[in-house]
Amino acid sequence: SFSRVDKAKNTIKKIIVNKIRGRRYYCTHYVAGRTQKKAFFQSASFHGFEKPDRVYESCTPRYTKGWCEIFRSYLLERTKFSFGAKEKLNVIFFISDLAYNVNESELINTVFELSKMENINFVYKPHPGSHLSFNKCGANCYDAREINSILLSDWADVGIVFGSSIGVQLLLDNVPLIVPSYVHTNTTIYEEYSVCINTKSLFELKTILSNNNKNDISKLVDNKRVECFLDKYLDGSKGYDQLMLEYYEAVVNMRCSL
């Protein structure tokens with residue numbers, strides 16, 4: 001089973017990490033999105049990082065509304081993603097790295113149960129670089145690892161995320177976001193700011209997807225909270241040109257301090 005493969009990969013990863021521990025190297029400076037000093041740079045990804053003054057917080061160009069509109073238009077002029085029957089609910093599940101406090105059995109069970117639902121077109125996208133494949137284990141769903149996430153967001157009626165920043169793209173595209181909190185032991189920013197539908201069990205998740213259409217599910221998310229969230233952490237109520245200038249000035253200030 002892929003659970004054994006996963007455990008073997010984690011073991012190898014730990015061996016490699018243990019060999020290089022004590023000789024960890026960091027960049028001189030970083031330009032990061034807002035709140036990252038107290039989030040990403042204090043997470044397990046940066047174990048031993050003790051220089052928060054190296055981090056410059058600015059806007060995140062990837063998720064500014066202006067950039068997203070440009071990139072979205074560019075992609076959609078060339079191609080579109082399509083899968084399943086038109087009358088069914090389009091559901092995309094972005095699956096994060098299993099190493100980060102994920103209950104593997106709950107995740108596997110969730111994917112297989114959703115793949116059995118007859119009223120949804122079910123698509124999943126594994127974490128980049130992951131060899132995880134539910135189709136090889138018999139799940140009836142589409143593996144979208146090769147599909148651009150913006151195309152998937154454009155296709156989706158509902159998005160499921162439990163630890164990925166791609167949830168921001170879904171919010172920008174007005175796609176209702178579901179966080180299955182029972183799948184992991186972390187707390188996401190989506191739950192913290194109440195911009196998602198928090199399902200605490202597989203039964204609750206399946207009930208929402210079974211008994212509601214896209215409009216009904218959209219009403220379960222407070223759009224005013226979503227807008228406030230996006231303004232606070234992404235755009236800050238600023239225009240695209242102003243945000244790009246802010247990012248440029250952060251890079252210039254970083255270089256001047258070298």
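Check the entry above for the structure.
Residues numbered from 1 in each chain as written. Predicted model: local features only at pLDDT ≥ 70, side-chain atom pairs only at ≥ 80, totals over all residues. Heavy atoms only, no water.

Colleague: Before we move on, could you go through the environment of V102 and cite the residues and values that matter?
Modeller: Looking at the element boundaries, V102 is found in the loop between β3 (89-94) and α3 (104-115). Distance from V102 to V183, taken between C-alpha atoms, is 6.0 Å for residues 81 residues apart in sequence. Residues in contact with V102, not counting those within four places in the same chain, are D97, L107, F162, V183 and H184. (Helix = DSSP H or I, 4+ residues; strand = E, 2+ residues; numbered from the N terminus. Contact = heavy atoms within 4.5 Å.)

Colleague: Quick one: what's the story with the side chain of E191, residue by residue and with numbers?
Modeller: In this fold, E191 is placed in helix α6 (residues 189-192). Among buried Asp, Glu, Lys and Arg side chains, E191 stands out as unpaired, with K200 the closest opposite charge at 8.1 Å. In this view, E191 contacts V179, S181, H184, N186, C196 and N198; residues no more than four positions away in its chain are not counted. (Buried < 20%, exposed > 50% of the residue type's maximum accessible area, 1.4 Å probe, protein only. Lys, Arg positive; Asp, Glu negative; His and termini not counted. Salt bridge = Lys/Arg side-chain N within 4 Å of Asp/Glu carboxyl O.)

Colleague: Could you give an account of the pairing of strand β4 (residues 120-125), naming the residues involved and the relevant values?
Modeller: A large share of β4 lies buried, amounting to six of its six residues. Of the two faces of β4, the one holding I120, F122 and Y124 and the one holding N121, V123 and K125 are both buried throughout. Relative to β4, β3 runs parallel, the two sharing six bridges. Note that in β4 the partner of L89 across the bridge is I120. In this fold, the crossover linking β3 to β4 by way of α3 has right-handed handedness. Two strands pair when backbone bridges link them, and β4 and strand β5 (residues 142-143) are joined in this way by two bridges, in the parallel orientation. For V123, the partnering residue across the bridge sits in β5 and is Y142. (Pairing = 2+ DSSP bridges. Right-handed = clockwise from strand over helix to strand, strands pointing away.)

Colleague: How would you sum up the pattern of salt bridges? Please name residues and give values.
Modeller: Oppositely charged side chains can form a pair if their charged atoms are brought close together. One pass over the full model with this rule turns up eight salt bridges. D154 is the partner of R72 in a salt bridge, and the nearest nitrogen-oxygen pair spans 2.8 Å. Pair noted here: R72 is in helix α2 (residues 65-78) and D154 is in helix α4 (residues 149-155), with a separation of 82 residues, a long-range link. D157 is paired through a salt bridge with K214; the nearest N and O atoms lie 3.9 Å apart. You can see D157 sitting in the loop between α4 and β6 (158-161) and its partner K214 sitting in helix α8 (residues 214-218), a full 57 residues away along the chain. Residue class for D157 comes out buried when judged on its relative accessible area of 15%. On the accessibility criterion, K214 (34% relative accessible area) is partly exposed. Through salt bridges with shared partners, one network takes in R72, D154 and D173.

Nothing here speaks to function; it is all geometry.
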